[in-house]
Amino acid sequence: LNVVVLVSGGGTNLQALIDAVDSGSVANTKLAGVISNNRNAYALQRAADNGIPGICISPKDFATRDEFNVKFLDAVDTLSPDLIVLAGFLVVIPPAMIEKYRNRIINIHPSLIPSFCGTGYYGLKVHEAALKRGVKVAGATVHFVDEGTDTGPIILQKAVEVVQGDTPEVLQRRVMEQAEWKILPQAVGLIAAGRVEVEDGRVFIRE
Ligand code: GRF
């Protein structure tokens, strides 16, 4: 499975994927490239350290969003991905790309969707909202990407406990370590094994 990972930040989810592929816990998968909209993203350093081609392309480099969308999709196509993984990618995916790669784009979101998701819920904001609401469990979701924000078919979810006195940073770290970094590689492995089916907007994992 040829996988392209789209990133904007630190790349700890990318790292989890790299480690899972290297250790063999995710089989017949190749990380073909990393694309970031942020030239300072440490995720690009992680790609370089692991011999994975890294590309930086940002809407800021183009006069219009349409021009970016065309060039961005071109850059993705050039890597001929079987699967595109959004790992903390903060740029809206062009509609043409959603269409072209229907059910071949997945995203990791740091909450148990449909809680705390949708526009505006990214990074620490998700955990701030969870603590404000006083939820007793938090967690992460891997889902297919469709035209909406965090609205596509859910592939895997994993819950973590919320501990009294948690700060958003502490909760974020627990969600990343105990949930995100586990279910993202797991989801890629299931897709690489051809075990993930989408029917009527819901995901079925074949044995
Ligand atoms: C994580 O919080 C993840 O849940 C969200 O964006 C952040 C990405 O972090 N999708 P990293 O770049 O993978 O470290």
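Residues numbered from 1 in each chain as written. Predicted model: local features only at pLDDT ≥ 70, side-chain atom pairs only at ≥ 80, totals over all residues. Heavy atoms only, no water.

A. How the structure looks around the site of the ligand. The ligand sits among Gly-9, Gly-10, Gly-11, Thr-12, Asn-13, Gly-88, Ile-108, Pro-110, Gln-172, Met-176 and Glu-180. Note that an oxygen atom of the ligand is positioned 2.8 Å from one of the backbone N or O atoms of Gly-11. Here an oxygen atom of the ligand and a backbone polar atom of Asn-13 are 2.9 Å apart. The set of elements that each furnish at least two residues to the shell around the ligand consists of helix 1 (12–23) and helix 6 (168–192). With three residues, the single largest contributor to the shell around the ligand is helix 6. Residue classes in the shell around the ligand are distributed as three nonpolar, seven polar and one charged. (Near = heavy atom within 4 Å. Polar contact = N/O pair within 3.5 Å; in protein donor to acceptor, adjacent residues only side chain to side chain. Helix = DSSP H or I, 4+ residues; strand = E, 2+ residues; numbered from the N terminus. Nonpolar A, V, L, I, M, F, W, Y, C, P; charged D, E, K, R; others polar.)

B. A look at the packing of helix 1 against helix 2 (residues 42–49). Where helix 1 meets helix 2, the axes come as close as 9 Å, and the angle between the chain directions of the two elements is 20°. Accordingly, the angle class assigned to the pair helix 1 and helix 2 is roughly parallel. In this structure, the crossing between helix 1 and helix 2 has a hand that is right-handed. Residues Thr-12, Leu-14, Gln-15 and Ile-18 of helix 1 lie in contact with helix 2, whose contacting residues are Ala-43, Arg-46 and Ala-47. For the contact of helix 1 with helix 2, a count of residues per class yields four nonpolar, two polar and one charged. (Axes fitted to C-alpha atoms, helices over the stretch in contact; angles between N-to-C directions. Parallel < 35°, antiparallel > 145°, perpendicular 65-115°, else oblique. Left-handed = near helix turned anticlockwise from the far one by under 90°. Contact = heavy atoms within 4.5 Å.)

C. Spatial organisation of the UniProt feature "binding site: N(1)-(5-phospho-beta-D-ribosyl)glycinamide" (unreviewed entry) in the protein. The sites that UniProt annotates as "binding site: N(1)-(5-phospho-beta-D-ribosyl)glycinamide" (unreviewed entry) are Gly-11, Thr-12 and Asn-13. Within the secondary structure layout, Gly-11 lies in the loop between strand 1 (2–7) and helix 1. Classification of Gly-11 as buried rests on a relative accessible area of 11%. In this view, Gly-11 contacts Ala-43 and Arg-46; residues no more than four positions away in its chain are not counted. Relative to the helices and strands, Thr-12 is located in helix 1. The residues contacting Thr-12, other than those within four sequence positions of it, are Arg-46, Met-176 and Trp-181. (UniProt positions renumbered as here; feature names shortened; annotations may be inferred. Buried < 20%, exposed > 50% of the residue type's maximum accessible area, 1.4 Å probe, protein only.)

D. Main features of the side chain of His-109. Looking at where His-109 falls in the secondary structure, it is placed in strand 5 (residues 105–109). Polar contacts involving the side chain of His-109 include one to the main-chain carbonyl oxygen of Phe-116, which spans 2.9 Å. Once you skip the residues sitting within four places of it in the chain, His-109 turns out to touch Phe-116, Cys-117, Tyr-121, Val-126, Gly-139, Ala-140, Thr-141, His-143 and Asp-150.

E. Geometry of the environment of Cys-56. Among the structural elements, Cys-56 can be located in strand 3 (residues 54–56). A residue is classified by how much of its surface remains accessible, and Cys-56, at 27% relative accessible area, is partly exposed. Taking the C-alpha atoms as reference, Cys-56 lies 32 Å from Arg-195; in sequence the two are 139 residues apart. Among residues more than four places away in sequence, those in contact with Cys-56 are Ser-36, Asn-37, Asn-38, Arg-39 and Leu-44.

F. Looking closely at the environment of Ala-43. Within the secondary structure layout, Ala-43 lies in helix 2. Each C-alpha atom of the pair Ala-43 and Leu-14 lies 7.0 Å from the other, and the pair is 29 residues apart in sequence. Those residues in contact with Ala-43 that lie beyond four places of it in its chain are Val-7, Gly-9, Gly-10, Gly-11 and Leu-14.

G. Quick peek at unusual backbone geometry. The omega torsion of the bond from Ile-113 to Pro-114 falls at 15°, within 30 degrees of zero and hence cis. Positionally, Pro-114 belongs in the loop between strand 5 and helix 5 (124–133). Of note in the backbone geometry, Asn-28 takes a positive phi value of approximately 25° without being a glycine. In this structure, Asn-28 sits in the loop between helix 1 and strand 2 (30–36). Residue Asn-28 is classed as exposed on the basis of its relative accessible area, which comes to 54%. Within the chain, Ser-80 stands out as a residue other than glycine whose phi angle is a positive 35°. With respect to the secondary-structure elements, Ser-80 resides in the loop between helix 3 (65–78) and strand 4 (83–87).

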